[in-house]
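Geometric and topological summary
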Amino acid sequence: MLHEKLKEAVRAFMEFSKSVLREFSIRLRDTMVKYLADSPDVRNAAHTMKVFARPFLENRQFDKGSKELDRLTSNFPSVLE
C-alpha cells in the first residue's frame, strides 16, 4: 500500500514540476499528502519523493517542484487540518 502511495506521489510531483502551474493543484496536493501523512518523518518522505523523481526532471523542473514540496511540508500540520 505504501509503495503505491509513493509511486502516485512521485507521479504527482513530476506532473507538477513539468507543468505551467505555479502551485500544486488540489488533486496533486491531495495525492502527495496521502503519502506524506503515512510517514512519521514528513521531511524524509518528501526527500524520498524528490530522489525518485530527480532522474526524470531537468534542473529547472526539479527546482520548481522541490520548492513547492518544501513549502507544503513546512506547513504540514496545518495542511492536514
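Our subject in this report is the structure included herewith.

Analysis parameters
Residues numbered from 1 in each chain as written. Predicted model: local features only at pLDDT ≥ 70, side-chain atom pairs only at ≥ 80, totals over all residues. Heavy atoms only, no water. Helix = DSSP H or I, 4+ residues; strand = E, 2+ residues; numbered from the N terminus. Buried < 20%, exposed > 50% of the residue type's maximum accessible area, 1.4 Å probe, protein only. Phe/Tyr/Trp six-rings, centres within 6.5 Å; stacked < 30°, edge-to-face > 60°. Lys NZ or Arg CZ within 6 Å of the ring centre and 35° of its normal. Axes fitted to C-alpha atoms, helices over the stretch in contact; angles between N-to-C directions. Parallel < 35°, antiparallel > 145°, perpendicular 65-115°, else oblique. Left-handed = near helix turned anticlockwise from the far one by under 90°. Contact = heavy atoms within 4.5 Å. Nonpolar A, V, L, I, M, F, W, Y, C, P; charged D, E, K, R; others polar. Polar contact = N/O pair within 3.5 Å; in protein donor to acceptor, adjacent residues only side chain to side chain.

Here we come to the environment of P55. Inspection of the secondary structure puts P55 in the loop between helix 3 (42-53) and helix 4 (59-74). A relative accessible area of 64% means that P55 is categorised as exposed. Considered as a pair, P55 and V33 are 22 residues apart in the sequence and their alpha carbons are 22 Å apart.

What follows is about the packing of aromatic side chains. Taken as a whole and judged by the stated rule, the model has 2 aromatic pairs. Relative to F62, the ring of F13 lies with its centre 6.5 Å away and its plane at 75°, an arrangement referred to as edge-to-face. In this pair, F13 is assigned in helix 1 (residues 2-18) and F62 in helix 4, connecting sequence segments 49 residues apart. You can call F13 buried: its relative accessible area is 0%. Residues F16 and F24 carry aromatic rings whose centres are separated by 4.6 Å and whose planes lie at 65° to one another, so their mutual orientation is edge-to-face. Directly above the aromatic system of F16 lies the positively charged group of K64, at a separation of 4.6 Å from the ring centroid.

Before going further, it helps to examine the packing of helix 2 (residues 26-37) against helix 4. At a minimum axis separation of 12 Å, helix 2 and helix 4 run at an interaxial angle of 55°. By the angle between their axes, helix 2 is oblique relative to helix 4. For the pair helix 2 and helix 4, the crossing hand works out as right-handed. Between helix 2, through R29, M32, V33 and L36, and helix 4, the contact on the second element is made entirely by L69, L72 and T73. A breakdown of the residues in the contact of helix 2 with helix 4 according to their chemical character gives 5 nonpolar, 1 polar and 1 charged.

Glancing now at the environment of S74. The residue S74 is located in helix 4 in this model. By relative accessible area, S74 is classed as partly exposed at 41%. Each C-alpha atom of the pair S74 and N59 lies 22 Å from the other, and the pair is 15 residues apart in sequence. Within the local environment of S74, its side chain forms a polar contact with the side chain of N75, the two groups lying 3.4 Å apart.

A few words now on the packing of helix 2 against helix 3. For the pair helix 2 and helix 3, the least separation of the axes is 9 Å and the interaxial angle reads 125°. Between helix 2 and helix 3, the angle falls in the class oblique. Considering the relative orientation of helix 2 and helix 3, their crossing is right-handed. Contacts between helix 2 and helix 3 involve M32, Y35 and L36 on the former and, on the latter, V42, A45, A46, T48 and M49. Of the residues that constitute the contact of helix 2 with helix 3, the class distribution is 7 nonpolar, 1 polar and no charged.

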